[in-house]
Amino acid sequence: MTVDEDAKRLAELGYKQELARTWSGFSNFAISFSIISILAGCFTTFYQAWNNGGPVAISWGWPIISIFILIIGLSMSELVSAYPTAGGIYWWAAKLGKPVHGWFTGWLNLVGLIAVTASVDYGCATFLDLTLTQFTAWEPSLLRVFLFFVAILALHALINIYSHRLISLLQNISVWWHVVGAAVVVGILVFLPERHQSASFVFTETINNSGFGDGTSGLPFWFYVLPLGFLLTQYTITGFDACAHVSEETKGAAHSAARGLWQSIFYSAIGGWIVLLAFLFAATDVDAINKGGGQVVAIFNSALDVVPATLILGISTIGQFFCGMSCVTSMSRMTYAFSRDGAVPGWRLWSRVDRNRTPVAAILGGCLAALVITLPALYAPPGTVTPTAFLAVVSIAVIGLYLAFLIPIWLRWRMGDAFVAGPWTLGSKYRVLNLIAIVEIVIISIYFIMPVSPAGVPFSENFDWKAVNYAPIAVGVVLLGIGLWWTLSARKWFTGPRRNVDEVPAP
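Report follows, based on the coordinates. (Residues numbered from 1 in each chain as written. Predicted model: local features only at pLDDT ≥ 70, side-chain atom pairs only at ≥ 80, totals over all residues. Heavy atoms only, no water.)

Secondary structure assignment for the protein chain yields 23 helices and two strands. Seen along its three principal axes, the alpha-carbon backbone of the protein chain occupies a region of about 65 × 45 × 45 Å. Here the protein chain, with 507 residues, has 59% of them falling under the buried criterion. Put simply, of all contacts in the protein chain between residues at least 6 apart along the chain, 83% involve residues at least 24 apart. Of the side-chain charges in the protein chain, 27 are positive and 26 negative, and the distance between the mean point of each set is 13 Å. (Helix = DSSP H or I, 4+ residues; strand = E, 2+ residues; numbered from the N terminus. Buried < 20%, exposed > 50% of the residue type's maximum accessible area, 1.4 Å probe, protein only. Contact = heavy atoms within 4.5 Å. Lys, Arg positive; Asp, Glu negative; His and termini not counted. Charge placed at Lys NZ, Arg CZ, Asp CG, Glu CD.)

Now the structure itself:
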């Protein structure tokens, strides 16, 4: 498909070709691969799985949950092939259902993308601080980490505003950084430690540092604690909807965006599992790791000398920086597309592009929102290594994005054989795959609004607001707000995607 044919297909969907269509299929794959980032999620949320299930939550939980996520991705690949627009998920929901479906999908997707940007850049700031701390006498400081977070977020905004022509190149570099960087990390952890854990430890050992239940026995562990550990996988392998959000900038989008979406999940799942197994085999000093809150830095410092340990942290930090840059790109394109259809207050500003065809206001507005929702990370319960607010932002990202994925997948399943597929299609397999995707999203959305520590349980004896997982509050407020907004106002004027092109150009 040529660029002119891409523009023709976009016009058929109702839009002018306003964004620069300069991305290759590999660049489209690269942005989702970079946002998934096994150098980010595998490092920043490892402790969640270690403390909630231990090695089995990682060695078995990762591949099992990855299969379910791949099924979600395959369901979405069929949709992006049929409707390759920057609005992506929201557009699909409005097309397959009614304006109300597009309304809720768009806002959930936008909130999820803002939360992903916030969580990735805060994780990058944390690892930058850990890397520098290896050579300094710094005491832990939430304020210092937050200032790093603000600086990184600002830098990502500037890169996206002023280096539009370099973004696709940087995405490509990011892919190779993740591949080579992950290989170096695995090589260090395989060859440099004096000893390694047994396969029995890696694949059968259970740990419960959550404070819930009675150790690793009984139903509370298997049906509450262990599933909380799956947040590692569910958070790491997300953001793959970026392939859809940059489809208007991708050549041959009906093919390449669909292929890039599922392949980014597949290759990330394999690479991430290898990296995590390397962590577990190197985790020989369990007491030191538990004392360090289950953080990966405790594995590196207990198994390696300071130089290779710091090298691993540095590789991860740079990978996370690339990831955050890609998150801002995806978030700004969604903001631009949703605003283009009048859904966001001040939509004329957010849907404006500059002379370089870059949505500058959407970039700045999204980054500012990411900063605001992360402000609670300035506070943490006494004795904790990571503020509960970080996990809350992570949960908001997972819930917001996956609920946004749920609506169009359900609508497509409901439509059945009446759905007009694009060149990449699931055929009759959609019936089973869509249904599996729907059930999985519903289950994880319930788990990730639950308390992550006993101190965060309302009305408990040791209740502490700093330990509260405010994801259900944030997501609930968003759902209530957009629901009331729809009922009282938006249903009268929001009609879904607005056409801004009158005729379809000849290819």
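Moving on, we get to the side chain of Glu440. Considering the arrangement of structural elements, one finds Glu440 in helix 22 (residues 430-447). Of the side chains with opposite charge, Arg412 comes closest to the buried, unpaired Glu440, at an N-O distance of 17 Å. If we ignore the near neighbours within four places in the chain, the residues touching Glu440 are Ile65, Phe68, Ile72 and Gln234. (Salt bridge = Lys/Arg side-chain N within 4 Å of Asp/Glu carboxyl O.)

For the pair helix 8 (residues 99-133) and helix 18 (residues 306-340), interaxial distance at closest approach is 8 Å and the crossing angle is 160°. Compared by their axis directions, helix 8 and helix 18 come out roughly antiparallel. The crossing of helix 8 and helix 18 is left-handed. When grouped by side-chain class, the residues that make up the contact of helix 8 with helix 18 number 19 nonpolar, 14 polar and one charged. (Axes fitted to C-alpha atoms, helices over the stretch in contact; angles between N-to-C directions. Parallel < 35°, antiparallel > 145°, perpendicular 65-115°, else oblique. Left-handed = near helix turned anticlockwise from the far one by under 90°. Nonpolar A, V, L, I, M, F, W, Y, C, P; charged D, E, K, R; others polar.)

Moving on, we get to the pattern of salt bridges. Taken as a whole and judged by the stated rule, the model has seven salt bridges. Taking the shortest distance from any N to any O, the salt bridge between Glu78 and Arg412 comes out at 2.8 Å. Taken together, the residues span a long stretch of sequence, with Glu78 in helix 6 (residues 61-82) and Arg412 in helix 21 (residues 388-415) at a distance of 334 residues. For Glu78, a relative accessible area of 0% corresponds to the buried category. Within this structure, Lys8, Arg9 and Glu12 form a network of salt bridges that share partners.

Generally speaking, soluble globular proteins have nonpolar side chains that are buried together. Ranked by internal contacts, the top residues of the largest apolar core, which has 153 residues, are Phe43, Phe240, Phe279, Phe300 and Phe405. For this core, the element with the most residues is helix 21, which contributes 19 residues. (Core = buried A, V, L, I, M, F, W, Y, C linked by side-chain atoms within 4.5 Å.)

On the surface, Phe26, Trp176, Val179, Val180, Val184 and Leu311 cluster together to form a nonpolar patch covering roughly 530 Å² of accessible area. Structurally, Val180 is set in helix 10 (residues 164-191). (Patch = residues over 30% accessible without salt bridge, like charges linked within 9 Å, V, L, I, M, F, W, Y side chains within 5 Å. Areas by Shrake-Rupley, 256 points an atom, 1.4 Å probe, with all protein chains shown as cover.)

Right, let's talk about the packing of aromatic side chains for a bit. Summed over all chains, the structure comprises 37 aromatic pairs. Between Phe29 and Tyr267, the ring centres sit 6.4 Å apart and the planes meet at 90°, which makes this aromatic pair edge-to-face. Here Phe29 is found in helix 2 (residues 25-36), whereas its partner Tyr267 is found in helix 15 (residues 253-282), with 238 residues between them in sequence. Centre to centre, the rings of Phe212 and Tyr224 are 5.2 Å apart; their planes meet at 80°, and the pair counts as edge-to-face. Here Phe212 is found in the loop between strand 2 (207-208) and helix 12 (219-229), whereas its partner Tyr224 is found in helix 12, with twelve residues between them in sequence. (Phe/Tyr/Trp six-rings, centres within 6.5 Å; stacked < 30°, edge-to-face > 60°.)

The next point concerns the packing of helix 9 (residues 142-162) against helix 18. Contact geometry of helix 9 with helix 18 gives a least axis separation of 9 Å together with a crossing angle of 60°. Overall, the two elements helix 9 and helix 18 adopt an arrangement that is oblique. Crossing of helix 9 over helix 18 shows right-handed handedness. On helix 18, the residues touching Ile152, Leu155, His156, Ile159 and Asn160 of helix 9 are Phe321, Gly324, Met325, Val328 and Thr329. Broken down by class, the residue content of the contact of helix 9 with helix 18 amounts to six nonpolar, four polar and no charged.

Another aspect to go through is the environment of Phe127. Of note, Phe127 is situated in helix 8. Taking the C-alpha atoms as reference, Phe127 lies 5.6 Å from Thr317; in sequence the two are 190 residues apart. Setting aside anything within four residues of it in sequence, one finds Phe127 in contact with Phe43, Thr44, Val296, Leu313, Ser316, Thr317 and Gln320.

To continue, consider helix 6. Spanning 22 residues, helix 6 covers 32 Å between terminal C-alpha atoms, matching the ideal 32 Å at 1.5 Å per step. When you tally the buried positions in helix 6, you get 17 out of 22 residues, the bulk of the element. (Expected span 1.5 Å × (residues − 1).)

Turning next to the state of the cysteines. Enumeration over the complete set of coordinates arrives at zero disulfides. Sulfur of Cys42: no disulfide; nearest cysteine sulfur belongs to Cys323 and is 11 Å away. According to the relative accessible area criterion, Cys42 is buried, its value standing at 0%. (Disulfide = S-S within 2.5 Å.)

Tracing the chain through its elements places Thr329 in helix 18. Look at Thr329 and you get buried, because its relative accessible area is 0%. Looking at Thr329, its side chain comes within polar contact range of the side chain of Asn160, at 2.5 Å. (Polar contact = N/O pair within 3.5 Å; in protein donor to acceptor, adjacent residues only side chain to side chain.)

In short, shape yes, function no, at least from these values alone.
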